[in-house]
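Okay, here's what each chain looks like letter by letter:
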Amino acid sequence: MVRLKNIKKSDTLIECDIYPEDSKSPGHVKYNILEMNVVDYKLPKGYEWCKNHISHVRAYFSQNSANEIPTEKTIMWG
């Protein structure tokens, strides 16, 4: 699970704070809409092992960047 907060979308970029698993501290993600790829990210200290969470964020933004993006989103997978 990963929680996204403070999601902001411009014409070419989506940025947000990322909270993997049970983290109380945020990391940060930048997604380029035109390239359909994460161009920069930083995971919170102690959660560096959660790199696979970034692929779930990328998939969510890739599928939804043309739509209205909420300011917060929780992404879960099985």
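Check the entry above for the structure.
Described below are features of the structure shown in this document. (Residues numbered from 1 in each chain as written. Predicted model: local features only at pLDDT ≥ 70, side-chain atom pairs only at ≥ 80, totals over all residues. Heavy atoms only, no water.)

**Comments concerning the packing of aromatic side chains**
Between two aromatic rings, the relevant description is the distance of the centres plus the angle of the planes.
Piece 1. With the rule as written, the count across this model stands at three aromatic pairs.
Piece 2. Plain terms: the ring middles of tyrosine 31 and phenylalanine 61 are 5.5 Å apart, the flat faces sit at 50 degrees to each other, and that makes the pair tilted. Of this pair, tyrosine 31 sits in strand 3 (residues 27-32) while phenylalanine 61 sits in helix 1 (residues 51-64); the two residues are 30 residues apart in sequence, bridging distant segments of the chain.
Piece 3. Residue classification places phenylalanine 61 among the buried positions, given a relative accessible area of 0%.
Piece 4. Taking the centre distance of 5.5 Å and the plane angle of 50 degrees together, the rings of tyrosine 60 and phenylalanine 61 count as tilted.
Piece 5. When its relative accessible area of 13% is taken as the criterion, tyrosine 60 is described as buried.
Piece 6. Among the aromatic side chains, those forming a connected cluster through ring pairs are Tyr31, Tyr60 and Phe61.
Piece 7. Taking the ring centre of tyrosine 19 as reference, the NZ or CZ of lysine 5 above it sits at 5.2 Å. (Phe/Tyr/Trp six-rings, centres within 6.5 Å; stacked < 30°, edge-to-face > 60°. Helix = DSSP H or I, 4+ residues; strand = E, 2+ residues; numbered from the N terminus. Buried < 20%, exposed > 50% of the residue type's maximum accessible area, 1.4 Å probe, protein only. Lys NZ or Arg CZ within 6 Å of the ring centre and 35° of its normal.)

**Things to note about the side chain of serine 23**
Piece 1. In this fold, serine 23 is placed in the loop between strand 2 (13-20) and strand 3.
Piece 2. Engagement of the side chain of serine 23 in a polar contact is seen with the backbone oxygen of serine 25, the distance being 2.6 Å.
Piece 3. Among residues more than four places away in sequence, those in contact with serine 23 are Arg3, Pro44 and Tyr47. (Polar contact = N/O pair within 3.5 Å; in protein donor to acceptor, adjacent residues only side chain to side chain. Contact = heavy atoms within 4.5 Å.)

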